[in-house]
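Residues per chain, in single letters:
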Amino acid sequence: ADVVNLHWNITWVTAAPDGFARPVIGINGQWPCPELRAKLGDQVIVTIDNQLGNQSTGLHWHGIHQTGTSYMDGASGVSQCPVAPGQQFTYNWTADAAGTYWYHSHDMGQYPDGLWGPLIIEDPNPPFEYDEEIILTLSDWYHEQSADLISAYQSPSGEALDGVAPPSGGALMNSGKNITIHVKPNKTYFIRVICPASYPGHAWLFQDHNQTTVEVDGTYVQPKEANGNGLLTRIAPGQRQGVLIKTFNDTSKNYAIWDTMDVNMLFINKGIIPPPMNYNTNVTGWLVYNESAPLPDPPVFYSLGNANFFDDLDYVPLDEEPLLEPVDHQIVLDTNSVNISGISRFEINNYTYLPAKVPSFYSAITTGNYSSDPEVYGHVNPIVVKKGEIIEIVINNLNTNLHPWHMHGHQFQVLDRPDPMFGKFNGTFRTGYPHAAPVRRDTFMLQDQSWGVIRFKADNPGVWLLHCHIEAHTSSGFVATIIEAPEELAQTNFRIPQDHIDACKTYPMKYFG
Ligand code: C2O
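Residues numbered from 1 in each chain as written. Predicted model: local features only at pLDDT ≥ 70, side-chain atom pairs only at ≥ 80, totals over all residues.

Where we set the bar: UniProt positions are given in the numbering used here, feature names are shortened, and annotations may be inferred rather than shown by experiment.
The name an unreviewed UniProt entry gives the protein is Multicopper oxidase, with Microthyrium microscopicum as the organism. In UniProt, the protein has this text filed under Sequence similarities (unreviewed entry): "Belongs to the multicopper oxidase family."

1. Focus on the overall build of the protein
Heads up, the rule is: Working definition: helices are DSSP H or I runs of at least four residues, strands are E runs of at least two. Numbering for both runs from the N terminus. The exposure label follows from counting other C-beta atoms within 10 Å of a residue's C-beta, where the C-beta atoms are placed from the backbone and the thresholds are 20 or more for buried and 12 or fewer for exposed, leaving partly exposed in between. Our contact criterion uses C-beta atoms placed from the backbone: two residues qualify when those atoms are within 7 Å.
Each helix and strand counted, the protein has 5 helices and 31 strands in total. In terms of overall dimensions, the protein has a C-alpha envelope of 70 × 55 × 55 Å along the principal axes. Buried positions account for 51% of the 513 residues belonging to the protein. Counted over contacts in the protein with a minimum sequence separation of 6, partners at least 24 positions apart contribute 81%.

2. Concerning the sheet that holds strand 4 (residues 43-50)
Put simply, the rule reads: When DSSP finds two or more bridges between two strands, those strands count as paired. Note on definitions: angles span 0 to 180 degrees between N-to-C directions of axes, and those axes are lines fitted to C-alpha atoms, for helices only across the stretch in contact.
As summarised here, the arrangement of the 4 strands in space is 2-1-4-6, forming an open sheet in which the pairing is mixed. Strands with a single pairing partner mark the edges of an open sheet, and in this sheet they are strand 2 (22-27) and strand 6 (88-94). Strand-to-strand twist across the sheet, computed as the mean angle between neighbouring axes with direction ignored, equals 20°. Across 7 bridges, strand 4 lies against strand 6 in antiparallel orientation. Across the sheet, Ile45 pairs through a bridge with Asn92, a residue of strand 6.

3. Details of the pairing of strand 13 (residues 202-206)
The buried count for strand 13 comes to 5 of 5 residues, which makes it a mostly enclosed element. The two faces of strand 13 match: His202, Trp204 and Phe206 on one face and Ala203 and Leu205 on the other face are all buried. Direction of pairing for strand 13 relative to strand 16 (residues 233-235): antiparallel, over a ladder of 3 bridges. Residue pairing in the sheet places His202 in a bridge with Ile235 of strand 16.

4. What about the sheet that holds strand 25 (residues 403-407)?
The strand order 23-31-30-25-28 describes an open sheet built from 5 strands, whose pairing is mixed. Because the sheet does not close on itself, it has two edges, and the strands there are strand 23 (382-385) and strand 28 (443-446). On average, adjacent strands in this sheet sit at an angle of 20° to one another, irrespective of strand direction. Pairing between strand 23 and strand 31 (residues 479-484): 4 bridges, direction parallel. What sits directly across from Val385, in strand 31, is Glu484.

5. Brief notes about the environment of Asp448
Within the secondary structure layout, Asp448 lies in the loop between strand 28 and strand 29 (451-457). Sequence-wise, Asp448 and Met421 are 27 residues apart; in three dimensions their C-alpha atoms are separated by 6.4 Å. Not counting chain neighbours up to four residues away, the residues in contact with Asp448 comprise Asn397, Asn399, Thr400, Asn401, Leu402 and Pro420.

6. A few points about the environment of Cys81
Checked against the element boundaries, Cys81 lands in the loop between strand 5 (59-62) and strand 6. C-beta crowding within 10 Å serves as the criterion here: with 25 such atoms nearby, Cys81 is assigned to the buried category. For Cys81 and His65, which are 16 residues apart along the polypeptide, the C-alpha to C-alpha distance reads 19 Å.

7. A word on the UniProt feature "domain: Plastocyanin-like" (unreviewed entry) in the protein
The UniProt record annotates "domain: Plastocyanin-like" (unreviewed entry) at residues 10-125, 132-291 and 373-487. Along residues 373-487, the helical share is 5% and the strand share 42%, with 10 Å between the first and last C-alpha atoms.

8. Let's talk about unusual backbone geometry
Backbone torsion omega between Glu325 and Pro326 reads -5°, so that peptide bond is classified as cis. By secondary structure assignment, the location of Pro326 is in the loop between strand 20 (282-288) and strand 21 (329-340). For the bond running from Tyr433 to Pro434, omega is -5°, close enough to zero to count as cis. With respect to the helices, strands and loops of the structure, Pro434 is situated in the loop between strand 26 (412-416) and strand 27 (440-441). Here Gln66, not a glycine, exhibits a phi torsion of approximately 50°, which is positive. Position of Gln66 relative to the elements: it lies in the loop between strand 5 and strand 6. Residue Gln66 is classed as buried on the basis of its C-beta count, with 22 C-beta atoms lying within 10 Å. Even without a glycine there, the phi angle at Asn174 is positive, about 45°. Since 21 C-beta atoms lie within 10 Å of it, Asn174 is described here as buried.

9. Some words on helix 1 (residues 146-154)
Note the cut-off: Regarding the arc, it is the one traced by the directions from the helix axis to the C-beta atoms.
Residues Ser146, Leu149, Ile150, Tyr153 and Gln154 constitute the buried set of helix 1. The buried residues of helix 1 all sit within an arc of 130° when viewed along its axis, so they share a single face. In the core, the buried residues of helix 1 are packed alongside strand 9 (132-142), strand 22 (343-348) and helix 3 (471-474).

10. A closer look at the domain arrangement of the protein
Inclusion rule: Domain start and end points were adopted from an automatic or database domain assignment. As a working rule, the residues Ala, Val, Leu, Ile, Met, Phe, Trp, Tyr, Cys and Pro are called nonpolar, Asp, Glu, Lys and Arg charged, and the rest polar, with Gly in that last group.
Its domain assignment divides the protein into domain 1 (3-122), domain 2 (132-308) and domain 3 (329-503). Each of domain 1 and domain 3 has a C-alpha centre, and the two are 22 Å apart. Contacts between the two partners involve 24 residues from domain 1, matched on the other side by 23 residues from domain 3. For the side of domain 1 that touches domain 3, the class distribution of residues is 11 nonpolar, 12 polar and 1 charged.

The structure is reproduced here in structure tokens:
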């Protein structure tokens, strides 16, 4: 194994991905931020130098389990203190699972300003063959700064991001508009689709090409084909999907890569269809076989129903890990939006998350026998679980929006997640669910006014967030904290690096909300 050693200066730079110039957060003077690539088993050491001047920061490695290194997870207020302007901070973790991941700021509300990039852990022996690899990121983009959007969202007249006072911007593909990807005939491409979106998810289609999904969120799955003319594949904020595409023999034509924001998440429930003119939910890229052939016309999608999507519940992990049972501990979370003194917030079992003054991981390792007492952790919606338990989490979404739920430190099995309007889980799954080997991932999309059930084994002692990955919602308290095996954490002699401790000397920094 090698060491991947990087030094990243985090600074404001100017970029105009859709023609509108604005300050964005870049790395080493560049935006889009660089791809981080390591081989399975490598040690990844990234030193960040916060040169933003006006904001704290931190980086989270989305999908990486941080086995034994919960304090390298990068979540401000949870596994570390925010890194203040002028400070350096080093992350050091093992690339112990191959797959498609991404990294992003986990200082509340910051990554929509551009601080994210692909994170690829290469597999020396992937369970499929391909000739070349392509990374495709599908994101949303705003002309307004994230801090301003989020405070508008939380303000009494609020809901900016829900369409009442829509922001300007729109969809980006590979951080741009009208991107072209040159392909050769008769080759198999492994396309790593990443959704670093901060509000709506996306749905995409490679025109005329069959695409075969082989990976979701770092889990290899049995190949499953979607035909390029029918259903769109949906991807939620935070999710990744690896697909194989075989290019044609014939190089006389070019093809579109269609992408539309999942408008179900954004405008439909406000009745604003089509979306406002200053916000373009569609973006088209091109698979170019032939430079001199014309590009096809881009399509326009506005009103998509659930029937227009390929169902992502039916992927089967290649290892066929059986359904985890029996359940040792069931946790039911009733979740909803709420107005607290005129401010838009979200609640889990009637509590909105408020960041702890001391990172929750530090509380877990320093409070000895008290570490299993949820009261130690404050207003972080603590869920204490024991080592080795099989945990089932039921999330009831009482809200009229869709929410992509993400868990740190684990992949979970998704047992069932019915269509919208199914109400609360009453203990009965739909016919045919759960599957014998349920799909396993780190982010799943929960439908509006409906429920989802996930399971995981508490085999990774640490402190892990479970949250909606819509950044305005995360910043508005839609977060719970899994305190996993605190008795073991309290007994382990973690050597927290000095720079991590130093970061706490200037904490707490400003949080949005
Ligand atoms: Cu991708 Cu808690 O984050």
